[in-house]
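Given next are the chains, with one letter for each unit.
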Amino acid sequence: MDFTSEQEAVRDVVREFAVEELRPVAAECDAEQAFPEDVWDDLADMDLTGLTVPEGYGGYDADPVTYALINEELAYGMLSVATALSVHGLATSCIAEFGSEDVKDEWLPEMATGRPVGAFALSEPQAGSNPAEMSTVARRDGDEFVVDGTKQWITNGKRSDVVILFAKTDRDDPGSVTQFLVPKDTDGVSVGKKEDKLGLRASDTTSLEFDGARIPAEYQLTEEGRGLSAAFSILTGGRIAIGAQSVGLAQSALDAALEYSQEREQFDQPISDIQTIRHKLADMQTKVQAGRLLTYDAARKKASGDPQATAMAASQAKLFSSESAIEVANEAVQIHGGYGYTTDFPVERLYRDAKILTIYEGTSEIQKKIIARHLLD
Amino acid sequence: MKVLVTVKEVAAVEDEFEIDGTAIDEAYLEYDLNEWDDYAIEEGVQISESEDDVEVVSVTIGPERSEETIRMALAKGADRAVRVWDDSLEDAEMLDVEAKTNLLAAVVEEEEPDLVLSGVQADDDGFGATGVSLADEVGFEWAAVVNDLELDVEGGVASVRRELEGGVEELTDVDLPAVLTIQTGINEPRYASLRGIRQAQRKEIKPMTLDDLGLSADVAESDLEIVDMYEPETESDATLFEGSPDETAGQLAEVLRDGGVGQ
């Protein structure tokens, strides 16, 4: 793949950071369900918290290919950190794309420096794959909106300071979904219980409760009723990021399996000399590389500015790469045998972390629905 | 004030490799910034951040490929760079300390820095002599294996702590202009920031040939000749302790006692 010298330099630095700073703390963060805040500050020092902030607001304004490279390399180190950063990036994308000049001036320069941390609140307990069924309402009251409802599966739920919120302006009109910005310290906003998850345990996932929370009308980001289409356009970029994270996690599992298989001896030989193991490794490598090619294809389509082609390519990248990540992590555990089932080896965590990739930012089933729609309709 | 930081792109050898004549086969080499030079860059950039009007110039001797490495120095905060290369250097089997000294001395004459920072040694050929040899050639003061630096710009003095053999450290004041060879651990080299990387794409890397430096091709001639390259025989003599921590600690103590380490 052809990358510019700037893209290569960014990839090399982020990979070094992932290996030197993320890998060593990944097991401990997972065990303690603790997000590494000092690592977040390091990300900010490297300008990684300003990836989707325009340069005029102090950001890096990464092109789609660079954005994918960074997500791949961070996930190579620790998926929880890559996820937290990509959600922060969704929030700054929304503000940059839909916010007024005043709102952008107020939030973007500081968010580019890492704090306030952003969150993205679309899903609800009863509205996941079909966000149009959401019940959170933002009712206009003079110069304010009054928000009531519950949001679910919020990455950076507790540690965030500002939330991009999707809510209906008319309880009975499914077409009235609108995007808002809600500061977390607004009265009536509270953080619900932290989820106890299979994987991605260092990532802070909570619900958010809105109970008569009043926000100024200027924090309405999109026009009324334009919230969902805005969410979908932002999520297309998000899906490329998840595809890239899947590739990074899978590469990490493959590298671990390659290393272990050449050290582990059975039947008087390294198990990497045994054909059944060699074939597994070959399959894993092919899946990782195929996912990578789909992901960078989608990123290049986004860079060339073709939204239709990008949406389909992004769904294909996310579908294939995330399903492959599970398969590759599964085989990596298998190659490690009993050791792979213990926390003494990183593949155990990679196996648990991988599953979320086929679920968040659109399940595999939803990706197929999107791909089929582009094929048939 | 001007700080010149010498950097080198060093070859790292893969775990498995083959020797081709008197060199390691190119196929088994990867190139990276010399570890010691990374600390020298950081020291130079920290000086520019804490003092007014400091220009940090990075210099390397190397082919076009090495621009990737020197650009990382620019991304970390060096202001501009000089890359010395020439067809006659390409043809030389090796560049010894004398050759590098003469090349860098010509750059020092051109740039007239107040301070030259150089890594203690290069990770690949490991002569560990270029910095001090350069100081001698250009008539600068020098201090080697510096692991702490306090700079008095007004007074033109660098107060350095030097790491000597056997855990002894020495404090020395060195008058500028000076060459300091920088030891790892003197600071914590930063990761380049993304905006630093972007800015580095636009910073100048000035190519300089022997002609530009007023040198002739015989600068690369060397009295040294590599006569052989081989892997030394290695002996592995590992003892594996088995049992509970109590038992293995006892076994370890016995080995140490027998070896004369403990009483």
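None of the values given here were measured: they were computed from a predicted structure. (Residues numbered from 1 in each chain as written. Chains lettered and ligands numbered in written order. Predicted model: local features only at pLDDT ≥ 70, side-chain atom pairs only at ≥ 80, totals over all residues. Heavy atoms only, no water.)

**Quick notes on the packing of helix α2 (residues 67–75) of chain B against helix α6 (residues 194–202) of chain B**
Residues and elements named next belong to chain B.
Part 1 of the argument: The contact between α2 and α6 brings their axes to 8 Å, and the two run at 120°. Between α2 and α6, the angle is such that the two are oblique. Like other packed secondary-structure pairs, α2 and α6 cross with a definite hand, here right-handed. In this structure, α2 uses Arg 71, Leu 74 and Ala 75 to contact α6, whose residues at the interface are Gly 196, Ile 197, Ala 200 and Gln 201.
Part 2 of the argument: The residue makeup of the contact of α2 with α6, split by class, is four nonpolar, two polar and one charged. (Axes fitted to C-alpha atoms, helices over the stretch in contact; angles between N-to-C directions. Helix = DSSP H or I, 4+ residues; strand = E, 2+ residues; numbered from the N terminus. Parallel < 35°, antiparallel > 145°, perpendicular 65-115°, else oblique. Left-handed = near helix turned anticlockwise from the far one by under 90°. Contact = heavy atoms within 4.5 Å. Nonpolar A, V, L, I, M, F, W, Y, C, P; charged D, E, K, R; others polar.)

**Some thoughts on empty space enclosed by the protein**
Residue and element names in this part refer to chain A.
Part 1 of the argument: Within this structure, the stated rule accounts for one cavity of 30 Å³ or more.
Part 2 of the argument: One number sums up the size of the largest cavity: a volume of about 40 Å³.
Part 3 of the argument: For the lining of the largest cavity, the element with the most residues is helix α4 (residues 79–98), which contributes four residues.
Part 4 of the argument: Taken together, the residues of the lining of the largest cavity break down into four nonpolar, five polar and no charged. (1 Å grid on protein atoms, 1.4 Å probe; cavity = no way out; pocket = protein on both sides within 12 Å on 5 of 7 lines; lining within 4 Å. Points joined across faces, edges and corners; volume = space filled by probe spheres on them.)

**Here's the deal with unusual backbone geometry**
Part 1 of the argument: Omega for the peptide link from Arg 115 of chain A to Pro 116 of chain A comes to 5°, which places this bond in the cis form.
Part 2 of the argument: By the secondary structure assignment, Pro 116 of chain A is in the loop between α5 (101–112) and β1 (118–121).
Part 3 of the argument: Going from Leu 176 of chain B to Pro 177 of chain B, the amide bond is cis rather than trans, its omega being 0°.
Part 4 of the argument: Mapped onto the secondary structure, Pro 177 of chain B falls in the loop between β11 (169–175) and β12 (178–182).
Part 5 of the argument: The phi torsion at Leu 200 of chain A lies on the positive side, around 50°, for a residue other than glycine.
Part 6 of the argument: A residue is classified by how much of its surface remains accessible, and Leu 200 of chain A, at 4% relative accessible area, is buried.
Part 7 of the argument: Unusually for a residue other than glycine, Glu 361 of chain A sits at a positive phi of about 55°.
Part 8 of the argument: Within the secondary structure, Glu 361 of chain A sits in the loop between α9 (347–354) and α10 (364–376). (Buried < 20%, exposed > 50% of the residue type's maximum accessible area, 1.4 Å probe, protein only.)

**A short note on the packing of helix α3 (residues 64–77) of chain A against helix α6 (residues 227–263) of chain A**
All names here are of chain A.
Part 1 of the argument: Between α3 and α6, whose axes approach to 7 Å, the crossing angle comes to 40°. As for the relative orientation of α3 and α6, their crossing is right-handed in sense. Contacts from Tyr 67, Ala 68, Asn 71, Glu 72, Ala 75 and Tyr 76 of α3 reach α6 at Ile 240, Ala 241, Ala 244, Gln 245, Val 247, Gly 248, Leu 249, Gln 251, Ser 252 and Asp 255.
Part 2 of the argument: Here the contact of α3 with α6 is built from residues that sort into nine nonpolar, five polar and two charged.

**Side note on the sheet that holds β12 of chain B**
Residues and elements named next belong to chain B.
Part 1 of the argument: Taken together, the nine strands give an open sheet; going across it, the order is β11-β10-β9-β12-β8-β1-β6-β7-β13, and neighbouring strands pair in mixed fashion. Edge strands, defined here as strands with exactly one partner in the open sheet, are β11 and β13 (205–208). Averaged over neighbouring strand pairs, the angle between their axes works out to 35° when direction is ignored.
Part 2 of the argument: The sheet contact formed by strand β9 (residues 141–152) and strand β10 (residues 157–163) spans six bridges and is antiparallel. Residue pairing for β10: Leu 149 is matched across the bridge by Val 160.
Part 3 of the argument: Packing of α2 onto the sheet brings it into contact with β1 (2–7), β6 (55–61), β7 (80–84) and β13, and relative to β7 it is tilted by some 155°.
Part 4 of the argument: Against the sheet, helix α4 (residues 97–111) makes contact with β1, β6, β7, β8 (115–119) and β13, and its axis sits at roughly 150° relative to β6, the strand it touches most. (Pairing = 2+ DSSP bridges.)

**Re the packing of aromatic side chains**
All names here are of chain A.
Part 1 of the argument: Applying the stated rule across the entire model yields eight aromatic pairs over all chains.
Part 2 of the argument: Ring geometry for Phe 120 against Phe 166: centres 5.2 Å apart, planes inclined by 65°, an arrangement best described as edge-to-face. Here Phe 166 lies in strand β4 (residues 162–168) and Phe 120 lies in strand β1, a separation of 46 residues in the sequence. No difference in accessibility class separates Phe 120 from Phe 166, as the two residues are buried. (Phe/Tyr/Trp six-rings, centres within 6.5 Å; stacked < 30°, edge-to-face > 60°.)

**Let's talk about the interface of chain B and chain A**
Part 1 of the argument: Counting residues at the interface gives 11 residues for chain B and 21 residues for chain A.
Part 2 of the argument: Across the interface of chain B and chain A, roughly 1,400 Å² is buried in total on both sides, 57% from carbon and sulfur atoms.
Part 3 of the argument: Our count for the contact surface shared by chain B and chain A stands at three salt bridges.
Part 4 of the argument: A salt bridge links Arg 195 of chain B to Asp 47 of chain A; the nearest nitrogen and oxygen atoms lie 3.4 Å apart.
Part 5 of the argument: Linking chain B with chain A are nine residue pairs in polar contact (both at pLDDT 80 or more), by the criterion used here.
Part 6 of the argument: Put simply, the parts of the chain that give the side of chain B that touches chain A at least two residues each are α2 and α6 of chain B.
Part 7 of the argument: Here the side of chain B that touches chain A is composed, by residue class, of five nonpolar, three polar and three charged. (Buried area = accessible area lost by both parts, 1.4 Å probe. Salt bridge = Lys/Arg side-chain N within 4 Å of Asp/Glu carboxyl O. Polar contact = N/O pair within 3.5 Å; in protein donor to acceptor, adjacent residues only side chain to side chain.)

**With respect to the domain arrangement of chain A**
By convention, interface size is frequently given as the accessible area that disappears when the constituent parts associate.
Residues and elements named next belong to chain A.
Part 1 of the argument: For chain A, the assigned domains are domain 1 (5–112), domain 2 (118–224) and domain 3 (228–376).
Part 2 of the argument: Distance from the C-alpha centre of domain 2 to the C-alpha centre of domain 3: 30 Å.
Part 3 of the argument: Taken together, the contact pairs 13 residues of domain 2 with 13 residues of domain 3.
Part 4 of the argument: Summed over both partners, the interface of domain 2 with domain 3 comes to about 980 Å²; 77% of that surface belongs to carbon and sulfur atoms.
Part 5 of the argument: Of all residues in domain 2, Ser 129, Leu 198 and Leu 200 give up the largest surface area on contact with domain 3, accounting jointly for 42% of the area buried on that side.
Part 6 of the argument: Run the count over domain 2 and domain 3 and you get two residue pairs in polar contact (both at pLDDT 80 or more). (Domains from an automatic or database assignment.)

**What to know about the pattern of salt bridges**
Part 1 of the argument: Counted according to the given criterion, the structure contains 34 salt bridges over all chains.
Part 2 of the argument: One salt bridge connects Glu 6 of chain A with Arg 198 of chain B, and the closest N-O pair in it is separated by 3.0 Å. Taken together, the residues Glu 6 of chain A in helix α1 (residues 5–32) and Arg 198 of chain B in helix α6 connect one chain to another. Accessibility assignment for this pair places Glu 6 of chain A and Arg 198 of chain B in one class, buried.
Part 3 of the argument: For Asp 41 of chain A, the salt bridge identified is with Arg 115 of chain A, shortest N-O distance 2.9 Å. With a gap of 74 residues between them, Asp 41 of chain A in helix α2 (residues 37–45) and Arg 115 of chain A in the loop between α5 and β1 connect regions that are remote in the sequence.
Part 4 of the argument: Classification of Asp 41 of chain A as partly exposed rests on a relative accessible area of 35%.
Part 5 of the argument: Judged by relative accessible area, Arg 115 of chain A falls into the partly exposed class, the value being 34%.
Part 6 of the argument: Residues participating in the shared-partner salt-bridge network are Glu 37, Asp 41, Arg 115 and Arg 159 of chain A.

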